[in-house]
Amino acid sequence: MLATQDAPAATAVALDEVKAHLRITTDEDDALLAGLIRTATDVCERFVGQALLLRDAVETIPVSSEWRRLTLTPVTAITGMTGLPETGDPFALPVDAYAIDIDGNGDGWVRVTAAGQARRVTVDYRAGMGADWNAVPEPLRQGIVRLVAHLFTERDTDDAAGPPASVAALWRPWRRMRLA
C-alpha cells in the first residue's frame, strides 16, 4: 500500500533561485512560480524514485513474516509499528515482535515476527535525501530549476511529453527503478 506522508516543509529550490534563472525582478508571478516549483519537485521525485527532502511517512501493510520493502526511499529511520486488529483498538507492537532493516541503498525493510491479534500494521518512518535544499544533489536542483523555467515559458502550450531532455539528463544518474 502506498505511504501517506507529510509534505516537506521546504522545497528543493528557492523561489529567488528560480526568479534569478528566469531573470524576473518583480513579485507578480511569485505564486505561480511557487506552484511550479512544487510541481517540478514532485515530477523530479517521481522520475528518480526517491524523496528529496526528509519527511515523515506512515505505511499500512499486511502482517507478514517475510521481509517487505517500504515504498518511500531513502529511509533514514523506522520509528515504530502499530498493530491493527480486525476488531478492537490499534496497539503498539513491542520491539521484539518485529524486525527492521535499512539496506545500503536506503530501502527500508520490515517483517512481523509476532503479530498477536494484528492483521495489518502501520509502519512509521522517515525518508528523504536531506533536511533542506542544500542536501539535495546539485544536478537534481538544477533540473528542477530548468523544469520550472520550461513550465513557466511554455505555460500556454499543450506539452505533455514529460520533462525536457536536458532535465532528464540531469536527473537520470539518480533514477531508481524497481522491477516487479
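Going by the structure above, here's the rest.
Residues numbered from 1 in each chain as written. Predicted model: local features only at pLDDT ≥ 70, side-chain atom pairs only at ≥ 80, totals over all residues. Heavy atoms only, no water.

As a further point, take the packing of helix α1 (residues 15-22) against helix α3 (residues 138-153). At a closest axis distance of 10 Å, the pairing of α1 and α3 adopts a crossing angle of 60°. By the angle between their axes, α1 is oblique relative to α3. In the packing of α1 onto α3, the handedness of the crossing is right-handed. Counting all contacts with α1, which are made through Glu17, Val18, His21 and Leu22, the residues of α3 involved are Glu138, Arg141, Gln142, Val145, Val148, Ala149, Phe152 and Thr153. Residue classes in the contact of α1 with α3 are distributed as six nonpolar, three polar and three charged. (Axes fitted to C-alpha atoms, helices over the stretch in contact; angles between N-to-C directions. Helix = DSSP H or I, 4+ residues; strand = E, 2+ residues; numbered from the N terminus. Parallel < 35°, antiparallel > 145°, perpendicular 65-115°, else oblique. Left-handed = near helix turned anticlockwise from the far one by under 90°. Contact = heavy atoms within 4.5 Å. Nonpolar A, V, L, I, M, F, W, Y, C, P; charged D, E, K, R; others polar.)

With antiparallel pairing, three strands are arranged side by side in an open sheet as β3-β7-β6. Edge positions in the sheet fall to β3 (68-69) and β6 (98-102), since each of these pairs with one other strand and no more. Bridge count between β6 and strand β7 (residues 108-112): five bridges; the pairing is antiparallel. Bridged to aspartate 101 within β7 is tryptophan 109. (Pairing = 2+ DSSP bridges.)

As for its placement among the helices and strands, arginine 68 is situated in strand β3. Sequence separation between arginine 68 and isoleucine 144 is 76 residues; the distance between their C-alpha atoms is 31 Å. When residues no more than four places from it in sequence are discounted, the contact partners of arginine 68 are Ile61, Pro62, Gly108, Trp109 and Val110.

The next point concerns the packing of helix α2 (residues 30-48) against α3. One way to put it is that α2 packs onto α3 with a least axis distance of 9 Å and a crossing angle of 130°. Viewed along their axes, α2 and α3 adopt a mutual orientation that is oblique. In the packing of α2 onto α3, the handedness of the crossing is right-handed. Here α2 contributes Leu32, Leu33, Leu36, Ile37, Thr39, Ala40, Thr41, Val43, Cys44 and Val48 to the contact with α3, which in turn contributes Leu140, Ile144, Leu147, Val148, Leu151 and Phe152. Looking at the contact of α2 with α3 residue by residue, the class counts come to 14 nonpolar, two polar and no charged.

Time to look at unusual backbone geometry. A cis amide bond, omega -5°, links threonine 73 with the succeeding residue proline 74. Its location among the elements puts proline 74 in the loop between β3 and β4 (75-85).

Below, the discussion takes up α2. Given a rise of 1.5 Å per residue, 19 residues ought to cover 27 Å, and the 27 Å separating the end C-alpha atoms of α2 matches this to within 8%. If you follow the buried residues of α2, they end up packed against α1, β2 (55-62), α3 and α4 (165-171). Immediately beyond the C-terminal end of α2, within one or two residues, lies glycine 49, with a positive phi of roughly 70°. (Expected span 1.5 Å × (residues − 1).)

Another aspect to go through is the environment of glycine 116. Its place among the elements puts glycine 116 in the loop between β7 and β8 (118-127). In sequence terms glycine 116 and glycine 83 are 33 residues apart; their C-alpha atoms lie 8.2 Å from each other.

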